[in-house]
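# Commentary on secondary and tertiary structure
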Amino acid sequence: MTSFSMEHGLILATIIFMLGLIGLLSRKNIVFILMSVEIMLNAAGLAFVVAGSRWSQPDGQVMFIFILAMAAAEVSIALALIILLHRKFKTLDADAAHNMRG
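First, a word on what this report is: a plain description of the structure on this page.

Calculation rules
Residues numbered from 1 in each chain as written. Predicted model: local features only at pLDDT ≥ 70, side-chain atom pairs only at ≥ 80, totals over all residues. Heavy atoms only, no water. Helix = DSSP H or I, 4+ residues; strand = E, 2+ residues; numbered from the N terminus. Rg over C-alpha atoms; globule rule 2.2 N^0.38 Å. Buried < 20%, exposed > 50% of the residue type's maximum accessible area, 1.4 Å probe, protein only. Contact = heavy atoms within 4.5 Å. Areas by Shrake-Rupley, 256 points an atom, 1.4 Å probe, with all protein chains shown as cover. Lys, Arg positive; Asp, Glu negative; His and termini not counted. Charge placed at Lys NZ, Arg CZ, Asp CG, Glu CD. Expected span 1.5 Å × (residues − 1). Polar contact = N/O pair within 3.5 Å; in protein donor to acceptor, adjacent residues only side chain to side chain. Axes fitted to C-alpha atoms, helices over the stretch in contact; angles between N-to-C directions. Parallel < 35°, antiparallel > 145°, perpendicular 65-115°, else oblique. Left-handed = near helix turned anticlockwise from the far one by under 90°. Nonpolar A, V, L, I, M, F, W, Y, C, P; charged D, E, K, R; others polar.

Secondary structure assignment for the protein yields three helices and zero strands. The secondary structure elements of the protein, listed N-terminal to C-terminal, are α-α-α. Here the C-alpha atoms of the protein give a radius of gyration of 17 Å, more than 25% beyond the 13 Å that 2.2 N^0.38 yields for 102 residues. Reported as C-alpha extents along the three principal axes, the dimensions of the protein are approximately 50 × 25 × 20 Å. Across the 102 residues in the protein, those meeting the buried criterion constitute 23%. Counted over contacts in the protein with a minimum sequence separation of 6, partners at least 24 positions apart contribute 54%. For the protein, the accessible area works out to roughly 7,300 Å², and carbon and sulfur atoms hold 70% of it. Computing the positive centroid from 7 side-chain charges and the negative centroid from 6, the protein places the two 14 Å apart.

Pasting the structure below:
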């Protein structure tokens, strides 16, 4: 089995994170924004796993499990807000969200 260096793993994590950041900043649809945030969280998890693998420690994998749990909680709350926004304004445009009041 071939292994790759820590630098290659971190470069890959950086590229994936930047793709998520570009998607976050360029999209107006809330579903695509949510997907971009998920991509960014996965890139951070990849960086933790690569760093943990470099020093032969399980800490990176533990942090990745924490990131997955946090992402699941974030998705459940975000999907509830998306459903509320769609029912109230009949759109998924992020600019319409500023009209929501409690």
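That shown, we press on.
Taking 1.5 Å of rise per residue, 25 residues should cover 36 Å, and helix 2 (residues 30-54) covers 36 Å from first to last C-alpha, within 8% of that figure. Inspection of helix 2 places Ile30, Leu34, Ser36, Glu38, Met40, Leu41, Ala43, Gly45, Val50, Ala51 and Gly52 among the buried residues, and these make up the whole buried set. Buried residues along helix 2 sit in contact with helix 1 (6-26) and helix 3 (59-89). Between the side-chain oxygen at the start of helix 2 and the backbone nitrogen of Val31 there is a gap of 3.1 Å, and the oxygen is on Asn29. Note on helix 2: the residue one or two positions beyond its end, Ser56, has a positive phi of about 55°.

Another point: the packing of helix 1 against helix 2. Interhelical geometry of helix 1 versus helix 2 gives an angle of 165° and a closest axis separation of 8 Å. On the basis of the axis angle, helix 1 is roughly antiparallel to helix 2. Regarding helix 1 and helix 2, the two cross each other, and that crossing is left-handed. From helix 1, Met6, Gly9, Leu10, Leu12, Ala13, Ile16, Phe17, Gly20, Leu21, Gly23 and Leu24 reach across to helix 2, where they touch Ile33, Ser36, Val37, Ile39, Met40, Ala43, Leu46, Ala47, Val50, Ala51 and Arg54. Within the contact of helix 1 with helix 2, the residues separate by chemical class into 17 nonpolar, four polar and one charged.

These figures capture arrangement, not role.
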